[in-house]
There are 2 protein chains.
Amino acid sequence: MVVARRTSRDIRSESRLDVLHAVLSAGETTRGAVAASTGLSAATVATVVGELIVEGILVETKTTAGRIGRPTATIAMSAERGRVVGVDVAETYVRAVLFDTALAQLAAVELARDEHDLDPDSVVDAIGRAIDRLLAQERVSRGAVLGVGVALPGLVQGDTGVSVVVPNWSWHTVELDRLRERVGLPLVVDNPLKVIATAELWLGRGRSHTSLVTVNLGTGVGAGIVLEGSILRGATNSAGEWGHSLLVLDGRRCRCGRDGCVEAYVGVPGIQQTLREIAPEHALLALDLQRDFIIGMAEKADEGDAAVSEAIDRTAYYLGSALADLVAVVNPEIVTLTGWTVWRLGEHLLPATRERLLSQSPGGSAQGLEIVVSDVGTSSVATGVATIALERFLADAGLLTTRIPIAL
Amino acid sequence: MVVARRTSRDIRSESRLDVLHAVLSAGETTRGAVAASTGLSAATVATVVGELIVEGILVETKTTAGRIGRPTATIAMSAERGRVVGVDVAETYVRAVLFDTALAQLAAVELARDEHDLDPDSVVDAIGRAIDRLLAQERVSRGAVLGVGVALPGLVQGDTGVSVVVPNWSWHTVELDRLRERVGLPLVVDNPLKVIATAELWLGRGRSHTSLVTVNLGTGVGAGIVLEGSILRGATNSAGEWGHSLLVLDGRRCRCGRDGCVEAYVGVPGIQQTLREIAPEHALLALDLQRDFIIGMAEKADEGDAAVSEAIDRTAYYLGSALADLVAVVNPEIVTLTGWTVWRLGEHLLPATRERLLSQSPGGSAQGLEIVVSDVGTSSVATGVATIALERFLADAGLLTTRIPIAL
């Protein structure tokens, strides 16, 4: 076994990462609160915070004089250190979001895409145009952009990989080089599952839990896994492909080409299929766009539509069963749900999903388990990949050396 | 997020663990080879090895004079530092194995058990008798025993857990206290999945891979998971319960009470059921013992029995499908197979299992993946839990402080 060695420099860098993590998670905090939440000594926190203030990463925001002792200063990320861009590339759109260096969302630009056009050149072009438009609209100079992160569903490593999520849409070194050239700014590219895990780790339940699974539900589905405060990437950056694990041996054909995948039941086309099995002529099935279908499901459920309620119940049964498999293998402290199906349909799905999950998880694996909607918010992909871009900037500036994601 | 802090003392302890790991894995090695395999500096290795020799953990075995330079000494674990006992508690037997402190197997005692008797008192008694008999037979004084490890299939944490593997057989603090009293020696108790992962980590493919899954196939089935050189325990020590993840939604009833679990298809009773579906009157189904059934399957397959060959093919299809789910989520470098089904039937199962696994693993998750029979050997459970007992002894002696399993 080869274990990465830890040096004093690594420890110093880990302290910085932990301090940044604590400040970013808290928004505004104090040195004392950082020491309490990280377990670092007050002296170490004071040293690290001092260095990060000199480097323009942190700022003191205000000073509160107590009745006794020295005044207490609050600290925060320095929002004005620069700008970071996160780009969410999906089948049907490219969305570029501008963040300050405190990861507050400032503005966004969304370009619609033809979901049938999977030519990497056209995707590269759309990403480039979205970023250009965003920077022009917000009058941000390119020199102020510390990093750009792009979440790509078809991203694979190595030469022979095949895209899971979108058949025939896989990105290799050559396409990434083209993207890098087109963007012309410091760039990181990562898989959406690693991206949502990063967002959950820095800005969601990762602030209070060391092991978690965050599940993304949309057209496609997948899981981001955080263990001991680090993102599980796997041997080929493919960990978390729970959407293409089996729910039903030899079951429904999945768009990945295999049969019985979780995604074929709880991805939006899978939910449409479930409704079709219950009520083949249901009006919602005539809607052209998946998002309209999901919005319609929520509305019809509120109106007491029996077929829709039945479809939601079956979907919760599928989802709870499939989540139980993930819980059986990984045994996390908490499962969070994210993605646009969840934003619209989460409150309808969650109670029955939770019940099925808890009853199906073997032995002690669900003991104390929480299952909740993620509180990262609706731009979790863009936020996550912007966070990775910010981490990468800090690493390239020599401010961090370890626990940096291996984004490409 | 709370991250465990690392101190200089931890680093020193990790260096010791890495050196011990390297020496134990190699059997006999040199300081130079240890430095090369651990990534530690030659100076650090020299210091750590010197300390461990003084403490009687390592010994110099021989000195080889090269043609130039100083003579090179080989080092090894000090086999005579003491004895360690590993106890494998299964449904049908209790097996106690004696090891020296180089983890060489010296002797074993096996007591048959009535598999219907799940009373913890009778299990405690059988464990105690097996250890007593082993020590008496080998004339080992109790003072020479540095530690005893017991692998318990029904082990749970917390107050409300239910045994997964053997219904109604769950061990809580009270039974563990009784066991501790009966054994009267330094005791660790752990879950068999964590135990086989430990054996694979120290003595198997963990020597050459940092992320792996080892799968145990017998009456029950489960997975031990190693990530970044550490065993994945999970929030409630329940990670790896892949045997009770779903293979077929609403499929065969599993002995855990749920439907469609992997174990209901690839555990021995599952394989019996598959043969029964193909040839209800097959002579092998009349055999009383599961082990005889598996031995008979191998023999009949060699003789060209069509029903048995079909049952093996279907089992490989189930097993490959279920392993693909594990690979999709965890994305390890290698999968190893262990357990008595594998020792007897492995060569018949492996080719078709590998083919199905590779074709079913999504995207890049099986890229470069190896799937092999574990080379830890047929006492992997006893060896693994003896290894944990040895680690615990080293920790209690102040020789290690981190990365120690949380065995009870």
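These figures come from a predicted structure and were not determined experimentally.

Asks: Give me the overall build of chain A: which residues, what numbers.
Replies: On a plain count of helices and strands, chain A comes out with 12 helices and 13 strands. When burial is assessed residue by residue, chain A has 61% of its 408 residues classed as buried. If you take every contact in chain A between residues at least 6 apart in sequence, the share linking residues at least 24 apart comes to 62%. Just so you have it, chain A exposes about 15400 Å², and 50% of that area is on carbon and sulfur atoms.

Asks: Any details on the sheet that holds strand β2 (residues 58-64) of chain A? Residues and values, ideally.
Replies: Residues and elements named next belong to chain A. On the basis of which strands lie adjacent, the open sheet formed by 3 strands has the order β1-β3-β2 and antiparallel pairing. Each edge of the open sheet is held by one strand with a lone partner, namely β1 (28-30) and β2. Averaged over all neighbouring strand pairs, the angle between strand axes comes to 35°, with direction disregarded. Two elements, β1 and strand β3 (residues 72-77), share 3 bridges in a ladder whose sense is antiparallel. The partner of T29 across the bridge, within β3, is I75. Where helix α3 (residues 42-54) meets the sheet, its contacts fall on β2 and β3, and the angle it forms with β2 comes to roughly 115°.

Asks: Lay out the nonpolar core with the relevant residues and their values.
Replies: Counting 74 residues, the largest nonpolar core has V215(A), W242(A), L323(A), V215(B), W242(B) and L323(B) as its most contacted members. Every residue in contact with W242(B), bar those within four places of it in the chain, is listed here: V329(A), V215(B), V221(B), G222(B), A223(B), V262(B), L319(B), A322(B), L323(B) and L326(B). Listed in part, the 45 residues of the second largest apolar core include V49(A), L58(A), F99(A) and V381(A).

Asks: I'd love a proper account of the sheet that holds strand β2 (residues 58-64) of chain B, names of residues and values included.
Replies: Residue and element names in this part refer to chain B. Ordered by their spatial adjacency, 3 strands build an open sheet running β1-β3-β2, and the pairing between neighbours is antiparallel. Two strands close off the open sheet at either side, each with one partner strand: β1 (28-30) and β2. Looking at each pair of strands side by side, their axes are set apart by 35° on average, direction ignored. As defined by bridge partners, β2 adjoins strand β3 (residues 72-77) across 6 bridges and the pair is classed as antiparallel. From the neighbouring strand, K62 faces β3, where its bridge partner is T74. Packing of helix α2 (residues 31-38) onto the sheet brings it into contact with β1, β2 and β3, and relative to β1 it is tilted by some 85°.

Asks: Hey, could you go over the confidence of the model for chain A for me, with residue numbers and the actual values?
Replies: Residues and elements named next belong to chain A. Predicted confidence across chain A gives a mean pLDDT of 87, with 88% of residues reaching 70 or more. Here residues 158-162 scores under 50 on pLDDT; set against residues more than four positions off or in separate chains, the count is 13 contacts. A low-confidence stretch, residues 401-408 stays under pLDDT 50, and its non-local contacts, those more than four residues away or across chains, total 38 contacts. As scored by the predictor, the complex reaches a pTM of 0.86 and an ipTM of 0.84.

Asks: Please give an account of the domain arrangement of chain A that cites residues and values.
Replies: Frequently, the measure chosen for interface size is the accessible area removed from exposure when the parts meet. All names here are of chain A. What the domain assignment lists for chain A is domain 1 (8-77), domain 2 (82-194 + 380-396) and domain 3 (205-373). Facing 5 residues of domain 1, the contacting portion of domain 2 comprises 7 residues. Interface area for domain 1 against domain 2, summed over the two sides, is near 410 Å², with a carbon-plus-sulfur share of 85%. If you sort the residues of domain 1 by the area they bury against domain 2, L24, I57 and M77 come out on top, with a joint share of 76%. Linking domain 1 with domain 2 are 0 salt bridges. It is helix α1 (residues 8-26) that provides the largest number of residues to the side of domain 1 that touches domain 2, a total of 3 residues. Residues of the side of domain 1 that touches domain 2, tallied by class, amount to 5 nonpolar, no polar and no charged.

Asks: Describe in detail α3(A), supporting the description with residues and values.
Replies: Residue and element names in this part refer to chain A. Between the first and last C-alpha of α3 there are 18 Å, a value that for 13 residues agrees with the 18 Å anticipated at 1.5 Å per step. Among the residues making up α3, those that are buried are V45, V48, V49 and L52. Buried residues of α3 fall within an arc of 100° about the axis and therefore sit on the same side. For α3, exposure combined with an orientation more than 90 degrees from the buried face picks out A43 and V54. At the C-terminal side of α3, G56 shows a positive phi close to 80°.

Asks: Talk me through the pairing of strand β4 (residues 83-89) of chain B; I want residue IDs and the actual numbers.
Replies: All names here are of chain B. For β4, a buried count of 7 out of 7 residues is recorded, marking the element as mostly surrounded by other parts of the structure. Of the two faces of β4, the one lined by R83, V85, V87 and V89 and the one lined by V84, G86 and D88 are each fully buried. As defined by bridge partners, β4 adjoins strand β7 (residues 145-151) across 6 bridges and the pair is classed as parallel. Among the inter-strand pairings, V84 is bridged to a residue of β7, identified as G147.

Asks: Break down the packing of aromatic side chains for me, with residues and values.
Replies: All names here are of chain A. Per the stated rule, a full pass over the model turns up 2 aromatic pairs over all chains. Here Y265 and Y318 contribute two aromatic rings whose centre-to-centre distance is 4.9 Å and whose plane-to-plane angle is 65°, an arrangement assigned as edge-to-face. In this pair, Y265 is assigned in helix α7 (residues 263-266) and Y318 in helix α10 (residues 306-330), connecting sequence segments 53 residues apart. Per residue, the accessibility class of Y265 equals that of Y318, and both read buried. Above the face of the W340 ring, R291 is positioned so that its terminal group lies 5.0 Å from the ring centre.

Rules behind the numbers
- Residues numbered from 1 in each chain as written.
- Chains lettered and ligands numbered in written order.
- Predicted model: local features only at pLDDT ≥ 70, side-chain atom pairs only at ≥ 80, totals over all residues.
- Heavy atoms only, no water.
- Helix = DSSP H or I, 4+ residues; strand = E, 2+ residues; numbered from the N terminus.
- Buried < 20%, exposed > 50% of the residue type's maximum accessible area, 1.4 Å probe, protein only.
- Contact = heavy atoms within 4.5 Å.
- Areas by Shrake-Rupley, 256 points an atom, 1.4 Å probe, with all protein chains shown as cover.
- Pairing = 2+ DSSP bridges.
- Axes fitted to C-alpha atoms, helices over the stretch in contact; angles between N-to-C directions.
- Core = buried A, V, L, I, M, F, W, Y, C linked by side-chain atoms within 4.5 Å.
- pLDDT = per-residue confidence, 0-100.
- Domains from an automatic or database assignment.
- Buried area = accessible area lost by both parts, 1.4 Å probe.
- Salt bridge = Lys/Arg side-chain N within 4 Å of Asp/Glu carboxyl O.
- Nonpolar A, V, L, I, M, F, W, Y, C, P; charged D, E, K, R; others polar.
- Expected span 1.5 Å × (residues − 1).
- Arc of directions from axis to C-beta.
- Phe/Tyr/Trp six-rings, centres within 6.5 Å; stacked < 30°, edge-to-face > 60°.
- Lys NZ or Arg CZ within 6 Å of the ring centre and 35° of its normal.

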